[in-house]
Amino acid sequence: MTARPIAVVGASAAGITAAEALRRAGWEGPLTLIGDEPHLPYDRPPLSKQLLHGAWEPERLLLRSKEQIDPLGLELRLGTRATGLDVATRTLTLDDGERLACAGVIIATGVAARTLPAADGLAGVFTLRTLDDALALRDRLSGGARRLVVVGNGVLGCEAAAVARELGHDVTLIGRQPVPMVAAVGPGIGELLAEEHTARGVRLLTGEVAEFEAASDPAPGAPAQIGGVRLADGSRLPADLVLLAIGSEPAVGWLADPALDTTDGLGCDAYCAAAPGIYAAGDVARWEHPLHGRPLRFEHRMNATEQAMAAARNLVAELTAERAAEDDGTGEGAERPERRPFAPVPYFWSDQYGLKLQAYGLTAGADQVETTVLEHDARRAVALFGRDGLAVGVLACALPPRQIRALRAVVATPVPWEEARERVREATTAG
Amino acid sequence: MKITIDAEKCCAAGQCVLVAPEVFDQRDEDGVVVLLDAEPPAEQHDAVREAAAICPAAVIEVQE
Ligand SMILES: Cc1cc2nc3c(=O)[nH]c(=O)nc-3n(C[C@H](O)[C@H](O)[C@H](O)COP(=O)(O)OP(=O)(O)OC[C@H]3O[C@@H](n4cnc5c(N)ncnc54)[C@H](O)[C@@H]3O)c2cc1C
Ligand code: SF4
């Protein structure tokens, strides 16, 4: 019998990191990395920044070169989609019909951009999740000013709006929430960012999109071109291009095994295990953070890397214990790697115009937010996020790096609100 | 061990500095990574590998 591989499904940030971490953790058996995109693993954050802007070409986004991947001894299956997983036997089904019996599986399939059926079939409507999405949109943003309507004023929509504006396009940003990015950054910093966008010439609107209208004169035989966006209040925005930035859906549609909980991403325990021998990491994974006592799922680049490292380590520890149990019948013995709960200090950043936002801990789901504007015109500000009387997150806009690292320490574990306020004040007044 | 960095890709996350403060620092103005020691001593190697793996912008390359 040939040895069973560990398979990593999803060949992006979490997937490639998991593959490397499996090797570092001592997995010497076969290792398969399966990804449905045709590209070598690449990085997504620059898609809405340097790539869209045109400052970087796609090669710059590769997470690893071919030369860095080769020594991992991977069976790299690009352009291949996993279509099913039988949890009891750890068997994957692939879209070419192959069934792959695995020693263990790490699921890193991320999320997919949400779309609106009302826009189906219209040319000029984009989403922004993959390299191919970003290149298509960038192509349409080159060569002359266009009217771009960005639907969705979350982080992604705001970043894309900023780049398009810098490129000289006429940009309207429309969201359901009057304050952009409010769910991620809170009302105070959201207001500051709204001011910045307005000052740069982005039109901010609150409203609901009702329908998409085709341009009046479609070229014969070609798909109808977007011409405008009609809002629920009846108003109409003319548009040459529309970007849908309305959130994402965890890529769990292929996981139908009733042993898995896929209500919001793939449910995991504190070790990132969804079932015996089945782990998850990155945007798709919802797990029990031991310090926060509630299930969390992040769509942050940093989490993809950290969680992949944790899941890989824990899977190898589990397989080592499994093998030992088969060998000596007890599963106990000396010098076994221990599984460890995954308890990171979450981190995300966003860039808009020259402003850098950086957050540690939890900002979403807060019941208390206190924003301190340190320098209004420079948009320098810090916000503290609390829940149930404890400070759990902190977000900085345009602060120097040393202060930001000090802020991380404030929310590394949940702390009483008053104590955190004091420490934030100290961190942001120090040199 | 030899370290190279592609500082232009750095998103100023500061994770490398947390993991290996003897080897990495950040510029005061913009937080971009600064390499303090391109050929660090052996006792730093694990930390450097960890920093390279954890960097969310794939900035740090390590040649062993
Ligand atoms: C435009 C953009 C900008 C961003 N900017 C920032 C930022 O500034 N800061 C930040 O912290 N985060 C940012 N993020 C988020 C960050 O990129 C993600 O958190 C990170 O990419 C998650 O990595 P992942 O590997 O978990 O998932 P993904 O990167 O989504 O990768 C999952 C991969 O799995 C593949 N896949 C899915 N289903 C299957 C299947 N059944 N079989 C095989 N393959 C499959 C997908 O095609 C994809 O390649 C941004 C994201 C985007 C899209
Ligand atoms: S961890 Fe990476 S992105 Fe962050 S400061 Fe260091 S080199 Fe830059």
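Thresholds, definitions, all that
Within each chain, residues carry numbers counting from 1 in the order of the written sequence. Working convention: letters from A go to chains and numbers from 1 go to ligands, in the order in which they are written. For this predicted model, a pLDDT threshold of at least 70 governs which residues receive local features, and a threshold of 80 or more governs which side-chain atom pairs are given and counted, while totals over whole chains, interfaces and linings are taken from all residues. Note that water and hydrogens are dropped before the side-chain values are worked out from all heavy atoms of the structure. In this text, near means that some heavy atom of the residue lies within 4 Å of the molecule or strand in question. A cavity here means a set of 1 Å grid points, computed over protein atoms only, where a 1.4 Å probe fits but cannot escape. A pocket is an open set with protein on both sides within 12 Å along at least 5 of 7 lines, and lining residues have an atom within 4 Å of a point. Those molecules having more than half of their atoms within 2 Å of a cavity or pocket grid point set are described as sitting in that cavity or pocket. Any residue outside Ala, Val, Leu, Ile, Met, Phe, Trp, Tyr, Cys, Pro, Asp, Glu, Lys and Arg is labelled polar, Gly included; the first ten of those are nonpolar and the last four are charged. Think of it this way: DSSP has to see at least two bridges between two strands before they count as a pair. Secondary structure is summarised from DSSP: a helix means a run of H or I of at least four residues, a strand means a run of E of at least two, and numbering begins at the N terminus for each. What qualifies as a polar contact is a pair of N or O atoms within 3.5 Å, subject to a donor-acceptor requirement within protein and to the restriction that residues adjacent in sequence count only when both atoms come from side chains. Each accessible area value is a Shrake-Rupley result obtained with a 1.4 Å probe; residue values ignore everything except the protein chains displayed when judging cover. Axis lines are fitted to C-alpha atoms, over the contacting stretch for helices. Their N-to-C directions set the angle, which ranges from 0 to 180 degrees. Contact definition: two residues touch when any of their heavy atoms are within 4.5 Å. Buried surface area refers to the total accessible area, computed with a probe of radius 1.4 Å, that the two partners give up upon joining, counted for both partners together. Basic side-chain nitrogens of Lys or Arg form a salt bridge, by our definition, when they fall within 4 Å of a carboxyl oxygen of Asp or Glu. A score between 0 and 100, pLDDT records how confident the predictor is in each residue. Grid points are joined across faces, edges and corners, and a volume is the space filled by probe spheres set on the points. Between the rings of Phe, Tyr and Trp (Trp by its six-membered ring), a pair exists once the centres lie within 6.5 Å; its type follows the angle of the planes, with under 30 degrees stacked, over 60 edge-to-face, and the other angles tilted.

### Notes on the site of ligand 2
Residues and elements named next belong to chain B.
- Taken together, the residues surrounding ligand 2 are Cys-10, Cys-11, Ala-12, Ala-13, Gly-14, Gln-15, Cys-16, Val-33, Cys-55, Pro-56 and Val-59.
- Judged by its atoms lying within 2 Å of the grid points, ligand 2 is housed in the largest cavity.
- Residues of the shell around ligand 2, tallied by class, amount to 9 nonpolar, 2 polar and no charged.

### Some details on the pairing of strand 4 (residues 82-86) of chain A
All names here are of chain A.
- With 4 bridges connecting them, strand 4 and strand 5 (residues 91-94) associate as antiparallel partners. Bridged to Leu-85 within strand 5 is Leu-92.
- A loop of 4 residues connects strand 4 with strand 5, the two strands running antiparallel in sequence, and Arg-90 in this loop sits at a positive phi of about 55 degrees.

### Overview of the site of ligand 1
Residues and elements named next belong to chain A.
- If you check the shell around ligand 1, you find 34 residues, and the closest are Asp-36, Glu-37, Arg-44, Lys-49 and Asp-283.
- In this structure, Ala-14 approaches ligand 1 through a main-chain N or O atom, which is 2.9 Å from an oxygen atom.
- Note that an oxygen atom of ligand 1 is positioned 2.5 Å from one of the side-chain N or O atoms of Asp-36.
- Considering ligand 1 on its own, with 990 Å² of exposed area, one finds that the protein chains cover 94% of that surface.

### A closer look at the sheet that holds strand 19 (residues 273-275) of chain A
Residues and elements named next belong to chain A.
- Here 6 strands make up an open sheet; going across it, the order is 3-2-1-7-20-19 and the pairing mixed. Looking at which strands have only one partner, the edges of the open sheet turn out to be strand 3 (74-78) and strand 19. When strand polarity is set aside, the average angle formed by the axes of neighbouring strands in this sheet is 20 degrees.
- Two strands pair when backbone bridges link them, and strand 19 and strand 20 (residues 278-280) are joined in this way by 2 bridges, in the antiparallel orientation.

### Some words on the interface of chain B and chain A
- At the interface, 23 residues of chain B touch 23 residues of chain A.
- Interface area, chain B with chain A, both sides summed: about 1900 Å², of which 51% is carbon and sulfur.
- At the junction of chain B with chain A, the criterion picks out 4 salt bridges.
- Joining chain B to chain A, the criterion identifies 8 residue pairs in polar contact (both at pLDDT 80 or more).

### Brief notes about the confidence of the model for chain B
- For chain B, the mean per-residue pLDDT works out to 92, and 100% of the residues sit at or above 70.
- What the predictor reports for the complex is a pTM of 0.95 with an ipTM of 0.90.

### As for empty space enclosed by the protein
- In total, this model carries 3 cavities of 30 Å³ or more according to the counting rule given.
- In this model, the largest cavity occupies a volume close to 90 Å³.
- In this structure, the largest cavity is lined by 16 residues; those nearest its centre are Cys-10, Ala-13, Gly-14, Cys-16 and Cys-55 of chain B.
- Looking at the lining of the largest cavity residue by residue, the classes come out as 12 nonpolar, 4 polar and no charged.
- The volume enclosed by the second largest cavity comes to roughly 50 Å³.
- The wall of the second largest cavity is formed by Ala-13, Ile-16, Thr-17, Leu-63, Arg-64, Arg-301 and Thr-305 of chain A together with Ala-53, Cys-55 and Ala-58 of chain B.
- At the level of elements, helix 1 (13-24) and helix 7 (301-328) of chain A are the ones that each hand at least two residues to the lining of the second largest cavity.
- It is helix 1 of chain A that provides the largest number of residues to the lining of the second largest cavity, a total of 3 residues.

### A closer look at the sheet that holds strand 15 (residues 236-238) of chain A
All names here are of chain A.
- In spatial order, the strands read 13-14-15; together these 3 strands make up an open sheet with antiparallel pairing. Each edge of the open sheet carries a strand with a single partner, namely strand 13 (209-214) and strand 15. On average, each strand axis in the sheet is tilted by 25 degrees relative to the strand beside it, whichever way the strands run.
- Examined bridge by bridge, strand 13 and strand 14 (residues 226-231) share 5 bridges and lie antiparallel to one another. What sits directly across from Glu-213, in strand 14, is Gly-228.

### What to know about the packing of aromatic side chains
All names here are of chain A.
- Taken as a whole and assessed by the stated rule, the structure comprises 4 aromatic pairs over all chains.
- On the numbers, 5.0 Å between centres and 40 degrees between planes, the contact of Trp-287 with Phe-342 is tilted. Within this pair, whereas Trp-287 is found in strand 21 (residues 285-288), its partner Phe-342 is found in the loop between helix 7 and strand 23 (347-352), the two being separated by 55 residues in sequence.
- Of the aromatic side chains, those joined through ring pairs into one cluster are Trp-287, Phe-298 and Phe-342.

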